[in-house]
Every structure is written in C-alpha cells, then in structure tokens.
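Examining the three-dimensional arrangement
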Amino acid sequence: AYVVTENCINCKHTNCAVVCPVDAFREGPNFLAIDPVECIDCDACVSECPVEAIYPDDEVPLKWEHYIDLNEQLSEEWSDRIINEMKEPLPEAEFWADKFPKLEELIR
Ligand code: F3S
C-alpha cells in the first residue's frame with residue numbers, strides 16, 4: 001500500500017485524494033491517511049502531491065517508517081471520513097511545507 005508521511009501535516013493539499021480510483025484516502029483535521037486495505041498500489045497519487053508526502057510502503061524513508069502503522073491506525077479512526085474531492089489546502093500550508101519534525105502537530 002501507499003503511505004502518507006510527515007510532509008502532509010498542516011499542508012493537506014488534497015490533490016492526491018481526487019485521483020484515487022478506490023477512494024482510499026481518509027481525512028483528518030490536518031492530515032490525510034491512506035487505508036492500506038483499500039489501496040490497490042496504482043501509484044496515481046504519488047506525483048500529485050506538491051510536497052512529495054506519499055511513498056510506497058517499501059520505499060518509505062527510515063525516519064518516517066512509523067507512518068506505515070500510523071496510516072493504518074488513522075484510516076481506522078477516520079473510517080467514515082472518505083475524501084475524494086479537492087479542497088483548499090490548509091491556510092499555513094506554505095509555511096509548514098519544510099518545517100520538520102512536525103508529527104507533534106498532527107491532530108487526530
Ligand atoms: Fe497531503 Fe500531499 Fe495529499 S499534502 S493531502 S499527501 S496532496
């Protein structure tokens with residue numbers, strides 16, 4: 001499955017969710033998660049993200065490996081929050097695009 005990583009936090013551009021053919025994205029307040037059960041590994045979302053937040057699970061950078069479990073957990077917590085349309089990015093997306101680490105900013 002594909003995995004949304006740290007870059008997404010406080011950005012949430014949502015370009016990824018629009019192209020997903022199986023509606024695998026789930027929306028939290030400032031992050032999207034991919035449901036690994038729904039994801040069909042099609043690769044459509046990766047190039048859509050302006051901040052390069054999405055990786056296949058076997059290519060997630062080491063420092064962000066915990067996002068594999070996190071996408072699974074959050075997609076369960078947010079199971080009724082399917083997102084498949086484009087929304088405005090978060091207002092401070094540009095500011096947060098290169099601020100790391102920012103996991104503590106994640107709102108569940
Ligand atoms: Fe997040 Fe990138 Fe999608 S910032 S919402 S993974 S387009």
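Within any chain, residue numbers begin from 1 and follow the written order of that chain's sequence. For a predicted model such as this one, the threshold for reporting local features is a pLDDT of at least 70, and the threshold for listing and counting side-chain atom pairs is 80 or more; totals across whole chains, interfaces and linings nevertheless cover every residue.

**Points about the overall build of the protein chain**
Threshold: Strands here are runs of E lasting at least two residues and helices are runs of H or I lasting at least four, both read from the DSSP assignment and numbered beginning at the N terminus. Atoms considered for the radius of gyration are the C-alpha atoms alone. The globule rule reads 2.2 Å times the number of residues to the power 0.38. Every C-beta atom is placed from the backbone, and the number of other C-beta atoms within 10 Å of a residue's own sets its class: buried at 20 or more, exposed at 12 or fewer, partly exposed in between. Working definition of a contact: two residues with C-beta atoms, positioned from the backbone, lying within 7 Å.
Per the secondary structure count, the protein chain includes 3 helices and 4 strands. When the helices and strands of the protein chain are placed in sequence order, the string is β-α-β-β-β-α-α. The globule rule puts the C-alpha radius of gyration for 108 residues at 13 Å, and the 12 Å found for the protein chain is close to it. Taken along the three principal axes of its C-alpha coordinates, the protein chain extends 30 × 30 × 25 Å. Classification of the 108 residues of the protein chain by burial places 34% in the buried group. Of the contacts made within the protein chain by residues no fewer than 6 positions apart, 81% connect residues no fewer than 24 positions apart.

**Overview of the site of the ligand**
Going by this rule: Using the backbone to place each C-beta atom, any residue with that atom within 6 Å of a molecule or strand is considered near it. Note on residue classes: Ala, Val, Leu, Ile, Met, Phe, Trp, Tyr, Cys and Pro are nonpolar, Asp, Glu, Lys and Arg are charged, and everything else, Gly too, is polar.
Taken together, 14 residues lie near the ligand, and C8, H13, C16, C49 and A53 sit nearest. When the residues that make up the shell around the ligand are grouped by side-chain class, the tally is 9 nonpolar, 3 polar and 2 charged.

**Quick word on unusual backbone geometry**
The linkage connecting F100 with the following residue, P101, adopts the cis geometry, with an omega of -10°. Position of P101 among the secondary structure elements: in the segment after α3 (93–96). Of note, the phi angle at N10 is positive, near 65°, even though the residue is not glycine. By secondary structure assignment, the location of N10 is in the loop between β1 (2–4) and α1 (15–19). Classification of N10 by C-beta neighbours within 10 Å gives buried; the count is 22. Located in the positive-phi region is K12, a residue other than glycine, with phi close to 50°. Counting through the fold element by element, K12 comes out in the loop between β1 and α1.

**Describing the nonpolar core**
As a reminder, the rule being used: Any set of buried Ala, Val, Leu, Ile, Met, Phe, Trp, Tyr and Cys residues joined through C-beta atoms within 7 Å is what this text calls a nonpolar core.
Membership of the largest hydrophobic core comes to 26 residues, with the highest contact counts inside it found for V4, F25, L32 and I34. When residues of this core are traced back to their parent elements, those giving at least two are β1, α1, β3 (32–34) and α2 (66–77). Leaving out residues up to four positions away in the same chain, I34 has contacts with A1, Y2, V3, V4, A24, F25, C39, N71 and S75.

**A word on the environment of E88**
Within the secondary structure, E88 is located in the loop between α2 and α3. For E88 and K12, which are 76 residues apart along the polypeptide, the C-alpha to C-alpha distance reads 8.3 Å.

**Let's talk about α2**
Here is the rule we go by: Helix span, expected: 1.5 Å multiplied by one less than the number of residues in the helix. Of all possible arcs, the one meant is that of the directions from the helix axis to the C-beta atoms.
Its 12 residues give α2 an end-to-end C-alpha distance of 17 Å, which sits within 8% of 16 Å, the value for a rise of 1.5 Å per residue. Restricting attention to buried positions, one finds in α2 the residues Y67, L70, N71, L74 and S75. Take α2 and look down its axis: the buried residues cluster within an arc of 125°, on one side only. In this structure, α2 carries D69, Q73 and E76 as exposed residues pointing more than 90 degrees from its buried face. Elements that come into contact with the buried residues of α2 comprise β1, β2 (25–27) and β3.

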